[in-house]
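# Structure at a glance
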Amino acid sequence: MERIEIMERVGAIAADVLGIDPEEISEETTFDDLDADSLDRLQLVTAMEDEFDIEIPDEQLEAIGSVADAVQAIESVLEA
């Protein structure tokens, strides 16, 4: 799967979960920028795991602070 496709899907998930315009989301966007609290972040991760049919390891979850981090975590699980 191409990185751009993963990015688009993560952006759509974030927009849906956080109720924002997908145009506000780029790879550089942090979840702090989007005012995502810990519950929002949990919902985001759960939605991403469901969307890609994966499980992101706990040690990687702690490092996800931006859309780019989420894309990288998903890529690493898909490549494993």
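Figured I'd write up the structure that's included with this text. (Residues numbered from 1 in each chain as written. Predicted model: local features only at pLDDT ≥ 70, side-chain atom pairs only at ≥ 80, totals over all residues. Heavy atoms only, no water.)

Most often, soluble globular proteins have nonpolar side chains that are buried together. Membership of the largest hydrophobic core comes to 23 residues, with the highest contact counts inside it found for Val10, Phe31 and Ile74. Contributions of two or more residues to this core are made by α1 (3-18), α2 (38-52) and α4 (67-79). Of all the elements, α1 adds the most residues to this core, at seven residues. Residue contacts for Val10: discarding those within four places in its chain leaves Met48, Phe52, Val67, Ala70, Val71 and Ile74. (Core = buried A, V, L, I, M, F, W, Y, C linked by side-chain atoms within 4.5 Å. Buried < 20%, exposed > 50% of the residue type's maximum accessible area, 1.4 Å probe, protein only. Helix = DSSP H or I, 4+ residues; strand = E, 2+ residues; numbered from the N terminus. Contact = heavy atoms within 4.5 Å.)

The subject of this paragraph is the environment of Arg41. Considering the arrangement of structural elements, one finds Arg41 in helix α2. Overall, the relative accessible area of 25% leaves Arg41 in the partly exposed class. Along the backbone, Arg41 and Glu24 are 17 residues apart, and their C-alpha atoms lie at a distance of 17 Å. Among residues more than four places away in sequence, those in contact with Arg41 are Phe31, Asp32, Ala36, Ile64 and Gly65.

Once that is clear, we can look at α4. Over its 13 residues, α4 runs 18 Å from end to end, which matches the ideal 18 Å to within 8%, given 1.5 Å per residue. Those residues of α4 lying buried are Val67, Ala70, Val71, Ala73, Ile74, Glu75 and Val77. (Expected span 1.5 Å × (residues − 1).)

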